[in-house]
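# Descriptive analysis of the structure
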Amino acid sequence: MEHFFGLFFRSIFVDNMIFAFFLGMCSFLAVSKNVKTSFGLGMAVTFVLLVTVPVDYLLQVYVLGPDCLVKGVDLSYLSFILFIAIIAGITQLVEMAVEKYSPSLYSALGIFLPLIAVNCCIMGASLFMQQRINMDPSSAQYIGSVWDSIGYALGSGLGWTLSIVSMGAIREKMEYSDVPKPLQGMGITFITVGLMAMAMMCFSGIKF
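Keep in mind the model is a prediction, meaning the values are calculated, not measured. Counting of residues starts from 1 at the beginning of each chain's written sequence and follows it residue by residue. Only residues with pLDDT of at least 70 are given local features in this predicted model, and only at 80 or more are side-chain atom pairs given and counted; all residues enter the totals for whole chains, interfaces and linings. For side-chain calculations, the full set of non-hydrogen atoms in the structure is used, while hydrogens and water are omitted.

## Comments concerning the packing of aromatic side chains
Where two aromatic rings form a pair, the distance of their centres and the angle of their planes describe that pair. Each pair of aromatic rings taken from Phe, Tyr and Trp, with Trp reduced to its six-membered ring, is defined by centres within 6.5 Å and is described as stacked if the planes are under 30 degrees apart, edge-to-face if over 60, and tilted in the remaining cases. Counted according to the given criterion, the structure contains five aromatic pairs. Both rings, one in F8 and one in F9, keep their centres 5.0 Å apart while their planes meet at 70°; by these two values the pair is edge-to-face. Buried, partly exposed and exposed residues are distinguished by accessible area as a fraction of the type maximum, computed with a 1.4 Å probe on protein chains only: under 20%, between the cut-offs, and over 50%, respectively. Among the residues examined, F8 registers a relative accessible area of 12% and is labelled buried. The interplanar angle of 40° and the centroid separation of 4.7 Å between the aromatic rings of F21 and F128 together place this pair among those described as tilted. Taken together, the residues span a long stretch of sequence, with F21 in the loop between α1 (2-13) and α2 (25-31) and F128 in helix α6 (residues 120-132) at a distance of 107 residues. The exposure class of F128 is buried, given its relative accessible area of 19%. Where helices and strands are cited, they refer to DSSP runs of H or I of at least four residues and of E of at least two residues respectively, numbered from the N terminus.

## Re a nonpolar patch on the surface
The residues that make up patches have over 30% relative accessible area and no salt bridge, and they are joined within 9 Å when like-charged or within 5 Å when they are Val, Leu, Ile, Met, Phe, Trp or Tyr. The accessible surface values rely on the Shrake-Rupley method and a 1.4 Å probe; as for residues, cover is taken only from the protein chains in view. Any Lys or Arg side-chain nitrogen located within 4 Å of an Asp or Glu carboxyl oxygen qualifies as a salt bridge. Where nonpolar side chains cluster on the molecular surface, the patch consists of L183, I191, L195, M198 and M201 and spans about 500 Å² of accessible area. Within the secondary structure, M198 is located in helix α8 (residues 186-200).

## What about unusual backbone geometry?
Positive phi is not limited to glycine here, since F22 has a value of about 55°. When you line up the elements, F22 lands in the loop between α1 and α2. Under the relative-accessibility criterion, F22 is labelled partly exposed at 43%. We note that D67 has phi near 65°; this positive angle belongs to a residue other than glycine. For D67, a relative accessible area of 47% gives the class partly exposed.

## Some remarks on the UniProt feature "transmembrane region" (unreviewed entry) in the protein
The sites that carry the UniProt feature "transmembrane region" (unreviewed entry) are, in the present numbering, residues 12-32, 39-63, 75-94, 106-129, 149-170 and 182-206. Each end of residues 75-94 is marked by a C-alpha atom, and these two atoms are 29 Å apart; helix forms 80% of the span and strand 0%. Helix makes up 60% of residues 182-206 and strand 0%, and the two end C-alpha atoms of the span are 38 Å apart. UniProt positions are given in the numbering used here, feature names are shortened, and annotations may be inferred rather than shown by experiment.

## Section: the nonpolar core
Here, the term nonpolar core denotes a set of buried Ala, Val, Leu, Ile, Met, Phe, Trp, Tyr and Cys residues that are joined through side-chain atoms within 4.5 Å. F28 and W160 are the most contacted members of the largest nonpolar core, which has 48 residues in total. Mapped by element, the contributors of at least two residues to this core are α2, α3 (35-64), α4 (79-101), α5 (103-109), α6, α7 (146-174) and α8. Looking at this core element by element, the count peaks at nine residues for α3. Those residues within four positions of W160 in sequence are excluded, and the remaining contacts are N16, M17, I18, L23, G24, S27, F28, L41, G42, V45, N119 and C121. Residue contacts follow a heavy-atom distance rule, with two residues in contact if any of their heavy atoms lie within 4.5 Å.

## Some thoughts on the layout of surface pockets
Here a cavity means grid points, on a 1 Å grid over the protein atoms only, where a 1.4 Å probe fits yet cannot get out; a pocket means an open set of points with protein on both sides within 12 Å along at least five of seven lines; lining residues are those with an atom within 4 Å of a point. Grid points are joined across faces, edges and corners, and a volume is the space filled by probe spheres set on the points. As a volume, the largest pocket reaches approximately 190 Å³. When residues are sorted by character, Ala, Val, Leu, Ile, Met, Phe, Trp, Tyr, Cys and Pro go into the nonpolar class, Asp, Glu, Lys and Arg into the charged class, and all the rest, Gly among them, into the polar class. Its residues assigned to classes, the lining of the largest pocket comprises three nonpolar, four polar and three charged.

## What to know about the side chain of S11
By the secondary structure assignment, S11 is in helix α1. With relative accessibility at 1%, the residue S11 sits in the buried group. Among the polar contacts made by the side chain of S11, one reaches the main-chain carbonyl oxygen of F8 at a distance of 2.7 Å. Engagement of the side chain of S11 in a polar contact is seen with the backbone nitrogen of S156, the distance being 3.4 Å. With residues up to four places along the chain from it excluded, the contact list for S11 reads N16, G151, Y152, G155 and S156. The term polar contact refers here to a pair of N or O atoms within 3.5 Å; inside protein, the definition further demands a hydrogen-donor-capable atom paired with an acceptor-capable atom, and it admits residues adjacent in sequence only when both atoms are side-chain atoms.

Take a look at the structure:
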């Protein structure tokens, strides 16, 4: 249980998908104009991660890994295709649910809701999970069970949500700020993201 929570909190603060790996930046920059839409997309990404990463873990361990189906055969080279198919399927379900139960959020997110399927954060989490299965079990990043994969997926999703909601709140405030004209728009946004990433580095020394 200690390892589960360590992995969970590490994926939020130390291995943050935005500020440590800069994955999912397209939708992060495009949608983070206000807190409401930022939170909605963050929850959608978290849900997709929470479903896809454990499923991908089970596929990797019981289907794609060496000697899983046939002795002497390693099907890991199929992981990209299967991971993408699972992500696309879950994203489609999320899109239909949001359209049915929250039309206003669906309209606000626009094209970026179906584009969760190609969000680098989702695919990156699955590939990092695949890499961490083979790590030393004593490592804080090791994923050795489906529960570890759930903790990692939930932490990664909440970390991404924390990042985009924080950015949305800052950009709402910047609407009323006197930003120099050459820096208005994406200029000040990129500077803010860089400063936030530097601030998040303070967690890197904590041992989870």
